[in-house]
Amino acid sequence: MKTPIELKILDPRLGSEWPLPEYATPGSAGMDLRAVIDAPLVLEPGQSELVPTGMAIHIGDASLAATILPRSGLGHKRGIVLGNLVGLIDSDYQGPLMCSLWNRSNQSVTIEPGERVAQLVFLPVVQAAFTQVASFDASERGEGGFGHSGTQ
Ligand SMILES: O=c1ccn([C@H]2C[C@H](O)[C@@H](COP(=O)(O)OP(=O)(O)OP(=O)(O)O)O2)c(=O)[nH]1
Ligand SMILES: [Mg+2]
């Protein structure tokens, strides 16, 4: 069962010239977002640019969020990942959905208008209410972390 999420088209080319984001297969976790830009965008090595996706969403439910993740092929083969590593979309955000595209490669990369550049993944969220304590009950790990358990 899919969860309805409100979507507003901000650029009319989305939904006409280019399809709206959709799950490519029944088991897909993400749906690809497009670079809704007017002209090819050249990203020089190390450069990042904020690119519109041509749409806005309003999740409207604090127990859900969306993340924007890199596409594997683009990230691995062409070096285009996200300038913020992962984008987090709050459930009350109603502004334009943007992708920070970062060329982490050592070659210039051209992004074409309408190119699928990242993917949107919806996730459940738990909001925490902190209960302040002076000490914790003992756990097996205790304060060990950051490699404490070794590598093998
Ligand atoms: O890749 C992204 C990341 C964020 N956003 C939007 C949705 C999100 O709800 C809002 C704020 O993001 P975040 O909280 O990560 O950024 P911030 O720097 O803390 O901004 P703010 O002070 O507005 O919360 O920006 C995007 O469109 N794309
Ligand atoms: Mg914030």
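Residues numbered from 1 in each chain as written. Chains lettered and ligands numbered in written order. Predicted model: local features only at pLDDT ≥ 70, side-chain atom pairs only at ≥ 80, totals over all residues. Heavy atoms only, no water.

**A word on the site of ligand 1**
Test applied: Nearness of a residue to a molecule or strand requires only that one of the residue's heavy atoms be within 4 Å of it. Distance and chemistry together define a polar contact, namely a pair of N or O atoms within 3.5 Å, with one atom able to donate a hydrogen and the other to accept it when in protein, and with adjacent residues in sequence counting only for side-chain atoms on both sides. Here the accessible surface of atoms and residues is derived via Shrake-Rupley with a 1.4 Å probe, and residues count as covered only by protein chains that are part of the display. Put simply, DSSP H or I for four residues or longer makes a helix, DSSP E for two residues or longer makes a strand, and each gets a number counted from the N terminus. Polar here means any residue outside two lists: the nonpolar Ala, Val, Leu, Ile, Met, Phe, Trp, Tyr, Cys and Pro, and the charged Asp, Glu, Lys and Arg; Gly therefore counts as polar.
Surveying the vicinity of ligand 1 reveals the residues Ile-68, Asn-84, Gly-87, Leu-88, Ile-89, Asp-90, Tyr-93, Pro-96, Leu-97 and Met-98. Contacts to ligand 1 include Asn-84, whose side-chain N or O atom sits 3.0 Å from an oxygen atom. Between ligand 1 and the protein, one listed contact pairs a nitrogen atom with a backbone N or O atom of Met-98 at 2.8 Å. Against a free-state accessible area of 570 Å², the protein chains account for coverage of 49% of ligand 1. Those elements that provide at least two residues to the shell around ligand 1 are strand S7 (87-89) and strand S8 (96-103). Of the residues belonging to the shell around ligand 1, the class tally is seven nonpolar, two polar and one charged.

**Quick notes on the pattern of salt bridges**
Which entries qualify depends on this criterion: A pairing counts as a salt bridge when a side-chain nitrogen of Lys or Arg comes within 4 Å of a carboxyl oxygen of Asp or Glu.
Taken as a whole, this structure holds five salt bridges when the rule is applied. Between Glu-115 and Arg-78 there is a salt bridge; the shortest N-O distance is 2.8 Å. Of the two residues, Glu-115 is situated in the loop between strand S9 (109-111) and strand S10 (116-124) and Arg-78 in helix H1 (residues 72-78); the sequence distance between them amounts to 37 residues.

**Quick word on the sheet that holds strand S6 (residues 80-82)**
For clarity, the cut-off: Any two strands are treated as partners once DSSP identifies two or more bridges connecting them. Lines fitted to C-alpha atoms define the axes, with helix axes restricted to the stretch in contact, and inter-axis angles between N-to-C directions lie between 0 and 180 degrees.
Spatially, the four strands line up as an open sheet ordered S1-S4-S8-S6, and their pairing is antiparallel. The open sheet has two edge strands with one neighbour each: strand S1 (6-9) and S6. Across the sheet, the mean angle from the axis of one strand to that of its neighbour is 45°, orientation sign disregarded. Bridging between S6 and S8 involves three bridges; their strand directions are antiparallel. The residue bridging Leu-82 from the neighbouring strand is Leu-101, located in S8.

**Regarding the UniProt feature "binding site: substrate" (unreviewed entry) in the protein chain**
Our working rule: UniProt positions are given in the numbering used here, feature names are shortened, and annotations may be inferred rather than shown by experiment. Burial here depends on accessible area, computed with a 1.4 Å probe over protein chains only, as a share of the maximum for the residue type. Under 20% is buried, over 50% is exposed, and the range in between is partly exposed.
In this numbering, the UniProt entry assigns the feature "binding site: substrate" (unreviewed entry) to Arg-71, Ser-72, Gly-73, Asn-84, Leu-88, Ile-89 and Asp-90. For this annotated set, covering 20 residues, the C-alpha atoms extend up to 26.5 Å from each other, a dispersed arrangement in space. Secondary-structure assignment places Gly-73 in helix H1. With a relative accessible area of 34%, Gly-73 lands in the partly exposed category. Owing to a relative accessible area of 43%, Asn-84 belongs among the partly exposed residues under this scheme.

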